[in-house]
Amino acid sequence: AGMMTIYNGLDFSSRTDARDRTEYLRGLGLDYTPGDVVIGIPARLDPVKDIPTLLRAFAKARSQEPRLKLVVAGDGGEMDNLKTLANELKLDKNVVFTGWLRDVPKLFACCDLDVLCSISESFPYSILEGIREGCAVISSNVGGVDKLIDHGENGYIFQPGDVDTFSGYLLDLAQDSEKRAQFAEKLFTKASALYSLEAMADTQIGIYQRILDKE
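Residues numbered from 1 in each chain as written. Predicted model: local features only at pLDDT ≥ 70, side-chain atom pairs only at ≥ 80, totals over all residues. Heavy atoms only, no water.

Focus: the overall build of the protein
- Each helix and strand counted, the protein has 9 helices and 6 strands in total.
- Here the protein, with 215 residues, has 49% of them falling under the buried criterion.
- When contacts within the protein are restricted to residue pairs at least 6 apart in sequence, long-range pairs at least 24 apart make up 70% of them.
- If you sum the accessible surface of the protein, you get close to 10500 Å²; carbon and sulfur atoms cover 48% of it. (Helix = DSSP H or I, 4+ residues; strand = E, 2+ residues; numbered from the N terminus. Buried < 20%, exposed > 50% of the residue type's maximum accessible area, 1.4 Å probe, protein only. Contact = heavy atoms within 4.5 Å. Areas by Shrake-Rupley, 256 points an atom, 1.4 Å probe, with all protein chains shown as cover.)

Shown next as C-alpha cells:
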C-alpha cells in the first residue's frame, strides 16, 4: 500500500487576544516599545533547529532596523551556547530566551513575524500556529514548507544556514508593514484552506473512500 501523509489540522476559526501586547512582551523580559517589530520562534533548543543562524541574521538586520526584537521560546541543550552567542552579538534585552511557554498562540498573537530556521524538519506545525495568529512567515526550505509558502507572494523561504538572505528578508518585512500584513493575510487564506480541521477531515474522508473503492 502507498504511504499517505495526513497533517494535523488546526482550528483557524479563533484568534488569541493581543490587546495587552506591551505588557505581555515586557513581562517576558523583552525591551519592547510599541512600534517595534517582534519575531517569535517556539523551538526545542537543539542543533537541528539552527537558532545560531537566526541570532546572526537578527543581529545583522537589527543593525539597520533597531525596532527589530526577538523572542526565543523553548528549552534544550543549546541554551547556554545561544545565550553566549547573543552576548557576543551584543543583543542585550532585544532578544529574550523564555524557556518553554505554555501558551504559544499568545506568543504569536503578540508577535509580527513567525520564523523557522531548521536544517531539517517534518512539516513544521509551529508555522501554522503563527499564521493563525496573523504573523508573516520566513522559513528555511524544509519539510514541505514550499507547498504552503509561495516565495515572495505570501512569505519568504531561504536555504538552511544562509544568514545573509535570511537577514535581508527580516529587514524587508520589518521595514514594510504593508507587505507584512499582505503576506500574513494571503498565507492565512491559503493555510486555512489547506490545513484547517475541516480540510483535514475532508482529506481523510477522501483517503478512506479511495481505500474502500480499491477493496
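Some thoughts on the sheet that holds strand β4 (residues 113-116)
- In spatial order, the strands read β3-β2-β1-β4-β5-β6; together these 6 strands make up an open sheet with parallel pairing. The sheet is open, and its two edges are formed by β3 (95-99) and β6 (156-158), each paired on a single side. Within this sheet the neighbouring strands show an average axis-to-axis angle of 20°, counted without direction.
- In this sheet, β4 lies alongside strand β1 (residues 37-42) in parallel orientation, the contact comprising 2 bridges. (Pairing = 2+ DSSP bridges. Axes fitted to C-alpha atoms, helices over the stretch in contact; angles between N-to-C directions.)

Considerations on the packing of aromatic side chains
- A complete count under the given rule lists 3 aromatic pairs for this structure.
- On the basis of an interplanar angle of 10° and a centroid distance of 4.2 Å, the ring pair of Y156 and Y169 is categorised as stacked. Of the two residues, Y156 is situated in strand β6 and Y169 in helix α7 (residues 163-175); the sequence distance between them amounts to 13 residues.
- Its relative accessible area of 8% is what places Y156 among the buried residues.
- Classification of Y169 by relative accessible area gives buried; the value is 18%. (Phe/Tyr/Trp six-rings, centres within 6.5 Å; stacked < 30°, edge-to-face > 60°.)

Quick look at unusual backbone geometry
- Non-glycine residue K90 carries a positive phi angle of around 55°.
- In the Ramachandran plot, D92 falls in the positive-phi region, its phi being about 50° despite a non-glycine side chain.
- Take D92: it is sitting in the loop between α3 (79-88) and β3.
- D92 sits in the exposed class, given a relative accessible area of 62%.

Remarks on the packing of helix α5 (residues 125-132) against helix α8 (residues 177-195)
- The contact between α5 and α8 brings their axes to 9 Å, and the two run at 125°. Considered as vectors, α5 and α8 are oriented oblique to each other. Crossing hand, α5 versus α8: left-handed. Contacts between α5 and α8 involve L128, I131 and R132 on the former and, on the latter, L187, F188, A191 and Y195.
- Class assignment of the residues belonging to the contact of α5 with α8 gives a composition of 6 nonpolar, no polar and 1 charged. (Parallel < 35°, antiparallel > 145°, perpendicular 65-115°, else oblique. Left-handed = near helix turned anticlockwise from the far one by under 90°. Nonpolar A, V, L, I, M, F, W, Y, C, P; charged D, E, K, R; others polar.)

Quick notes on the state of the cysteines
- The final tally for this structure, using the stated rule, is 0 disulfides.
- Summary of cysteine pairing: C111 is not part of a disulfide, and the nearest cysteine sulfur, belonging to C135, is at 5.9 Å. (Disulfide = S-S within 2.5 Å.)

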